[in-house]
Structure formats: C-alpha cells, structure tokens
Amino acid sequence: MVKRVKTKICLVGDQAVGKTSLIRRYVLEEFDDHYMMTLGTKVSKKIIALDFPDEDLGVQLEAGIWDIMGQPGLLDLLKEAYFTGAHGILAVVDMTSPQTLLTLKSWIRSVERITGPVPTFVAVNKVDLKERHLFAIEEVEAVARELGCDYLPTSARTGENVEEAFRRLASLISERSLGFGRGAWEPPPRTAVP
Ligand code: G3D
Ligand code: MG
C-alpha cells in the first residue's frame, strides 16, 4: 500500500548557516556560489518517496519546504505564519561558527512554542570546510541528545548527506503522522472532563 501525506517542513538556524543552500541542493541538486538573499519566505516542493518494509507500506511525502530570511527583526514578525502547521524541523548549524550551535536550542524552542513537539533533525553543515571548522561533530552530540534528535554532518557544496538528512526527517514525520516507529510519539490523551 502507498499512502500520500502532505507535510510542512521548516528550516531554522542562524543567518548564513546554509539553509537556502541546503534546500537548493536538495530540491534542484545544484549549488550556487553566489550569495543568495532569501526575501521573506520561500516554499519549495518536493515529493519524497519512502519505504517502510516492516509496515508493508510506501509513503509519498508531499513536502512543502519552507525557507525564511534569517534577519531576526523580520523573523519575529513572520515567525507565527512561518512555523504554524509545521510537521518537522530541519535545524541547521554551521561548523565554522560555534555561535550557531549555541542558538540551536532556542531555534527549536521557538518553533515548538507554536507547533508543540515535532520531529526534528540537525544538519551540521559546511563539513567540507575542514580547515575552518571551529567545533567538532562530537560536540553536537550532547545538544542533540538533550533535544532528543539525530544529526548528520552535511555539505550543501559537495552534497554530502543532504538527501540523507531530509530523508531521515521525512521518515520521522511519516512515522509520526501514520502512527508507527520512533516518530509515533503523541502527547498523552487528555482525560475527558465530565
Ligand atoms: P542561510 O540561508 O542559512 O542564510 P546560505 O545561508 O544558504 O545563504 O549560505 C550562506 C553562505 O554559506 C553562502 O556563501 C553559501 O554559499 C555558503 N554555504 C552554505 N552551505 C555551505 C556548505 O555546505 N559548504 C560551503 N563551503 N559553503 C556553504 P557566500 O560566500 O555566498 O556568502
Ligand atoms: Mg537563506
């Protein structure tokens, strides 16, 4: 059986971590060295086909991938609209900027304040810039564990793990929305008030 699921994925992370580049790489399979200013919000579409052999199930995830301009002032204004209805977060940090690891938690919190807990995956980006790394991938471990999410080193430049990061997030979203696997977590049911 194949199920079609519509989903909204939001990318978060400080300015210049590579959000726009990761989306472009994933959706168009290309990388543009020219700096890309993201004006307001941009939604890219991608159909992600996933297989869950244990469930005897195929999922066609129709994903709207939301990108936002990183400027904090504008973000405050757009946040509500940007995050409302999100089913998953791809949180991006930049290995050449330790600051971006420090703000990771607050990014995820600002989404979850609006959406409640949603599947989250961390892309530890710019892994290709080895000589400029200012923290090691292992340093992400503690934060990720605290947040209860997985992570992968990625590069929008070489394409390393870009597809894999989106697919891992897509799997969690599918599992949650269809109610199986690791992503199946739901808040405890409220007791009915008589
Ligand atoms: P943002 O959307 O999060 O603000 P961008 O970030 O996608 O605009 O990327 C910011 C800068 O980082 C851009 O460089 C972009 O080319 C570069 N970049 C993004 N991802 C990677 C990566 O994985 N590896 C390398 N080497 N560079 C990356 P410029 O120089 O145009 O500002
Ligand atoms: Mg951008």
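Here the structure is shown first, and the text comes after it.
A.B. asks: Got a minute to help me understand the pairing of strand β4 (residues 88–94) in this structure?
C.D. replies: For a regular strand, the rule is simple: side chains alternate between the two faces of the sheet. Here β4 lies mainly inside the structure; 7 of its 7 residues are buried. On β4, burial covers both faces: G88, L90, V92 and D94 on one face and I89, A91 and V93 on the other are all buried. Two strands pair when backbone bridges link them, and strand β1 (residues 2–12) and β4 are joined in this way by 4 bridges, in the parallel orientation. Paired with V12 across the strands is A91, a residue of β4. Sheet analysis places β4 next to strand β5 (residues 120–125), joined by 6 bridges and oriented parallel. Counterpart to I89 in the pairing with β5 is T120.

A.B. asks: Which parts of the structure should I look at to understand helix α4 (residues 104–115)?
C.D. replies: Side chains that are three or four residues apart share a direction in an α-helix, a result of its 3.6 residues per turn. Its 12 residues place the ends of α4 17 Å apart at the C-alpha level, agreeing with the 16 Å of an ideal helix rising 1.5 Å per residue. Taken together, the buried positions of α4 are occupied by L104, W107, I108, S110 and V111. An end-on view of α4 places all buried positions within 155 degrees of arc, on one side of the element. Taken from the residues just after α4, G116 is the one with a positive phi, measuring 80 degrees.

A.B. asks: Can you walk me through the pattern of salt bridges in this structure?
C.D. replies: Side chains that differ in sign of charge can pair as their charged atoms come close. For the structure shown, the criterion picks out 8 salt bridges. For D94, the salt bridge identified is with K126, shortest N-O distance 3.1 Å. Pair noted here: D94 is in strand β4 and K126 is in the loop between β5 and α5 (138–147), with a separation of 32 residues, a long-range link. By relative accessible area, K126 is classed as partly exposed at 21%. Across the pair R168 and D150 runs a salt bridge whose closest N-O atoms are separated by 3.5 Å. A residue pair is termed long-range when its members are at least 10 positions apart, and R168 in helix α6 (residues 162–178) and D150 in strand β6 (residues 150–153) qualify at 18 residues. Residue class for D150 comes out partly exposed when judged on its relative accessible area of 30%.

Cut-offs applied
Residues numbered from 1 in each chain as written. Chains lettered and ligands numbered in written order. Predicted model: local features only at pLDDT ≥ 70, side-chain atom pairs only at ≥ 80, totals over all residues. Heavy atoms only, no water. Buried < 20%, exposed > 50% of the residue type's maximum accessible area, 1.4 Å probe, protein only. Helix = DSSP H or I, 4+ residues; strand = E, 2+ residues; numbered from the N terminus. Pairing = 2+ DSSP bridges. Expected span 1.5 Å × (residues − 1). Arc of directions from axis to C-beta. Salt bridge = Lys/Arg side-chain N within 4 Å of Asp/Glu carboxyl O.

Interpretation in functional terms is not warranted from these geometric data alone.
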